[in-house]
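Chain by chain, the residues:
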Amino acid sequence: MQTTKQMTIKIGLLQLHNVADVKENIHRLDTEIRSLAKRGAQLIVLQELHNSLYFCQTENVDLFDLAEPIPGPSTDFFGKIARECGVVIVTSLFEKRAPGLYHNTAVVMEKDGSIAGKYRKMHIPDDPAYYEKFYFTPGDLGFHPIDTSVGRLGVMVCWDQWYPEAARLMALQGAEILIYPTAIGYESSDSAEEQERQREAWTTVQRGHAVANGIPVVTVNRVGFEPDPSKQTQGIEFWGSSFVAGPQGELLYRACSNDEESRVVEINLKHSEQVRRWWPFLRDRRIDAYKDILKRFIDGE
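Residues numbered from 1 in each chain as written. Predicted model: local features only at pLDDT ≥ 70, side-chain atom pairs only at ≥ 80, totals over all residues. Heavy atoms only, no water.

Caption draft 1: The overall build of the protein, seen in detail. For the protein, the count of helices and strands is five helices and 15 strands. For a compact globule of 301 residues, the expected C-alpha radius of gyration is about 19 Å, and the protein comes in at 19 Å, within 12% of that figure. Summarising its shape, the C-alpha atoms of the protein cover approximately 55 × 50 × 40 Å along the three principal directions. When burial is assessed residue by residue, the protein has 50% of its 301 residues classed as buried. Summarising the internal contacts of the protein: among those between residues at least 6 apart in sequence, 69% fall at separations of at least 24. Of the roughly 13900 Å² of accessible surface on the protein, 53% is carried by carbon and sulfur atoms. Distance from the positive charge centre (34 side chains) to the negative charge centre (42 side chains) of the protein: 8 Å. (Helix = DSSP H or I, 4+ residues; strand = E, 2+ residues; numbered from the N terminus. Rg over C-alpha atoms; globule rule 2.2 N^0.38 Å. Buried < 20%, exposed > 50% of the residue type's maximum accessible area, 1.4 Å probe, protein only. Contact = heavy atoms within 4.5 Å. Areas by Shrake-Rupley, 256 points an atom, 1.4 Å probe, with all protein chains shown as cover. Lys, Arg positive; Asp, Glu negative; His and termini not counted. Charge placed at Lys NZ, Arg CZ, Asp CG, Glu CD.)

Caption draft 2: Expanded view of the nonpolar core. Counting 60 residues, the largest nonpolar core has Leu43 and Ile177 as its most contacted members. If we skip the residues at most four places from it in the chain, Ile177 touches Ile9, Ile11, Leu43, Arg152, Leu153, Gly154, Pro216, Val218, Ile267 and Leu269. Leu36, Leu46, Leu93 and Met109 belong to the second-largest nonpolar core, a separate cluster that totals 18 residues. (Core = buried A, V, L, I, M, F, W, Y, C linked by side-chain atoms within 4.5 Å.)

Caption draft 3: View of the sheet that holds strand β8 (residues 177-182). Strand order in the open sheet formed by six strands is β6-β7-β8-β10-β13-β14, with mixed pairing between adjacent strands. The open sheet terminates on both sides in strands that have one partner only, identified here as β6 (146-148) and β14 (251-254). On average, adjacent strands in this sheet sit at an angle of 20° to one another, irrespective of strand direction. In the sheet, β8 pairs with strand β10 (residues 217-221) via five bridges, with the strands oriented parallel. (Pairing = 2+ DSSP bridges. Axes fitted to C-alpha atoms, helices over the stretch in contact; angles between N-to-C directions.)

Caption draft 4: Region of the structure containing the pattern of salt bridges. Under the definition given, this model contains 20 salt bridges. Across the pair Lys121 and Glu48 runs a salt bridge whose closest N-O atoms are separated by 3.0 Å. With a gap of 73 residues between them, Lys121 in the loop between β5 (115-120) and β6 and Glu48 in the loop between β2 (43-45) and α2 (73-85) connect regions that are remote in the sequence. With respect to burial, Lys121 and Glu48 carry one shared label: buried. Residue Glu200 pairs with Arg254 through a salt bridge whose shortest N-O separation is 3.1 Å. Here the residue Glu200 occupies a position in helix α4 (residues 192-213), and Arg254 occupies one in strand β14, the gap between them amounting to 54 residues. For Glu200, a relative accessible area of 29% gives the class partly exposed. Judged by its relative accessible area of 25%, Arg254 is partly exposed. A single salt-bridge network, built from bridges that share partners, covers Glu95, Arg97, Lys118, Arg120 and Asp140. (Salt bridge = Lys/Arg side-chain N within 4 Å of Asp/Glu carboxyl O.)

Caption draft 5: Quick peek at α4. Counted at 1.5 Å a residue, the expected span for α4 with its 22 residues is 32 Å, and the 32 Å between its end C-alpha atoms agrees. Taken together, the buried positions of α4 are Gln195, Arg199, Trp202, Thr203, Gln206, His209, Ala210 and Asn213. The buried residues of α4 occupy one face: seen down the axis, they fall within an arc of 115°. In this structure, α4 carries Glu193 and Arg197 as exposed residues pointing more than 90 degrees from its buried face. In the stretch just after α4, Gly214 is the one whose phi turns positive, near 70°. (Expected span 1.5 Å × (residues − 1). Arc of directions from axis to C-beta.)

Caption draft 6: Main features of the packing of helix α1 (residues 22-38) against α2. Look at α1 against α2: their axes get within 10 Å of each other, and the N-to-C directions meet at 20°. Classified by the angle between their axes, α1 and α2 sit roughly parallel to one another. Here α1 and α2 pass one another in a crossing that is right-handed. Contacts between α1 and α2 pair Ile26, Leu29, Asp30, Ile33, Arg34 and Ala37 from the former with Phe77, Phe78, Ile81, Glu84 and Cys85 from the latter. (Parallel < 35°, antiparallel > 145°, perpendicular 65-115°, else oblique. Left-handed = near helix turned anticlockwise from the far one by under 90°.)

Caption draft 7: Representation of the UniProt feature "domain: CN hydrolase" (unreviewed entry) in the protein. Mapped onto this structure's residue numbering, the UniProt feature "domain: CN hydrolase" (unreviewed entry) falls at residues 9-269. As annotated, residues 9-269 has a helix share of 23% and a strand share of 31%, and its two end C-alpha atoms lie 7 Å apart. (UniProt positions renumbered as here; feature names shortened; annotations may be inferred.)

Caption draft 8: Geometry of a nonpolar patch on the surface. Taken together, the side chains of Ile287, Tyr290, Ile293 and Leu294 make up a nonpolar region of the molecular surface, amounting to roughly 490 Å² of accessible area. Position of Ile293 among the secondary structure elements: in the segment after α5 (270-278). Classification of Ile293 as exposed rests on a relative accessible area of 57%. (Patch = residues over 30% accessible without salt bridge, like charges linked within 9 Å, V, L, I, M, F, W, Y side chains within 5 Å.)

Caption draft 9: Examining the environment of Ala67 more closely. Structurally, the position occupied by Ala67 is in the loop between β2 and α2. When the C-alpha atoms of Ala67 and Phe243 are compared, they prove to be 28 Å apart, with 176 residues separating the residues in sequence. With sequence-adjacent residues up to four places away left out, Ala67 is seen in contact with Phe94, Glu95, Lys96 and Tyr102.

Structure, rendered in structure tokens:
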């Protein structure tokens, strides 16, 4: 298992409002990644499906044209930036694995431009305006951290962030940071109070993963309004609020909910070891009593 030599790491968060022009999105990503690198970021995390609009608001077979192989054009492009800037980049791509077989895939680019590893989104939602099951086959790579020059990264994607089992499996394999590229927002017909409850629940559950596992969590969400092309819904107002939480769930930084942000946040990885000594949750797990967790539902008393 890789151990982290450096005790602190500077993480770049890039919260952007995407537009319909893919080339424009990629150009802005290039500019902003380089800016973060100049400001000292060593690890840069991008939002979910960052090359395009969030296309899963509708079911449209033509949108499969957005997918690409891995390795492919995007990994070549972001690998070049990673190499030139000397940074590790967590990307989020629409993967074409084979004809008719597609995944929502996070790819980690090492600072030498190579692919350090990839993760295929395991939990796939299917809700109004989030029709991901139409596009993505559930991941088959499991929950395994990716070793990089800045540490062992537990990378997952969006809907995965609601599942404590996924975070735990990453932590048990030595993940030093949990990372979630994300695309989530409000349905405009919800009341302001309901919208706030949803955003706070989303933040709280992930801070819980940090506490339960004694490691930091990094989540980067897109921001801004994207209309529903089908007009069946009123579109999505992505709520931004990208954040970094420490191993006790403390918010080290939280972006705003309504604008773009580019931020470098420093975390102390040594603090995780201290927290785990104070709160030895991993020591006290009753692994002999958890077999029922593998069941879909438990009947009886």
